[in-house]
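Close look at the chain arrangement
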Amino acid sequence: MVEGDEFARIVQEERQREVYRRRKVMYELQSVPPTVTARPEMILVVYDVGRDLYECRIFYKEPRPVGGTELVSVGAVESEILDLRSHSDPTVRLAADKAEEFHLVRSQVSEGEPAPLRRMFYANEF
């Protein structure tokens, strides 16, 4: 057996694992009832200075979905935000994604300028 063939086989196995992983995630998302996956209209991310966390307020079009998430709080550290991005609720994952985006904007502000304390994300930005 040629050494390159072994490497090609390993790469093929890794790709196949990724395909299976993505299919599993897709099937899990398809099995969630449609009321839970209602897309929000806006997400307001507010930085709470005193508690050092982000509060994500989620706004839906009326009527609101039954049991829909309306408020998500996450610490203002990257590890907590990344942990929340693997949540089972797609709305919470979306809010965590927007909190991460806002966290990056706040971290890139130069020292002389004040960092923004809130940001509104609209449906066209999802």
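So, here is what we can say about the structure in this document. Model, not experiment: these values are computed from the prediction.

Looking now at the packing of aromatic side chains. Following the criterion strictly, the structure yields two aromatic pairs and no others. Between Tyr47 and Tyr54, the aromatic rings sit 5.4 Å apart at their centres with planes inclined by 55 degrees, giving tilted as the arrangement. Measuring from centroid to centroid gives 5.7 Å for Tyr54 and Phe102, while their planes differ by 75 degrees, and the two rings are edge-to-face. Linking Tyr54 in strand E2 (residues 53-59) with Phe102 in helix H3 (residues 90-107), this pair joins segments that are 48 residues apart in sequence. The class of Tyr54 is buried, set by a relative accessible area of 1%. By way of ring pairs, the aromatic residues Tyr47, Tyr54 and Phe102 are connected into one cluster. One residue, Arg106, lies across the ring of Tyr47, its end atom 3.9 Å from the ring centre.

What follows deals with the nonpolar core. Core analysis: the largest hydrophobic core is formed by 19 residues, its most contacted members being Ile43, Val45, Tyr54, Cys56 and Val72. Put simply, the parts of the chain that give this core at least two residues each are strand E1 (42-48), E2, strand E3 (71-75), helix H2 (78-84) and H3. With six residues, H3 is the largest single contributor of residues to this core.

A few words on the pairing of E1. On any regular strand, side chains alternate: one points to one face of the sheet, the next to the other face. By the criterion of burial, E1 is predominantly enclosed, with five of the seven residues buried. Direction of pairing for E1 relative to E2: antiparallel, over a ladder of seven bridges. Note on E2: the bridge partner recorded for Tyr47 is Tyr54. Connecting the antiparallel pair E1 and E2 is a turn made up of four residues, with Asp52 showing a positive phi of about 55 degrees. Bridge count between E1 and strand E4 (residues 118-122): five bridges; the pairing is antiparallel. Each residue of the ladder has a partner; that of Val46, found in E4, is Arg118.

Calculation criteria
- Residues numbered from 1 in each chain as written.
- Predicted model: local features only at pLDDT ≥ 70, side-chain atom pairs only at ≥ 80, totals over all residues.
- Heavy atoms only, no water.
- Phe/Tyr/Trp six-rings, centres within 6.5 Å; stacked < 30°, edge-to-face > 60°.
- Helix = DSSP H or I, 4+ residues; strand = E, 2+ residues; numbered from the N terminus.
- Buried < 20%, exposed > 50% of the residue type's maximum accessible area, 1.4 Å probe, protein only.
- Lys NZ or Arg CZ within 6 Å of the ring centre and 35° of its normal.
- Core = buried A, V, L, I, M, F, W, Y, C linked by side-chain atoms within 4.5 Å.
- Pairing = 2+ DSSP bridges.

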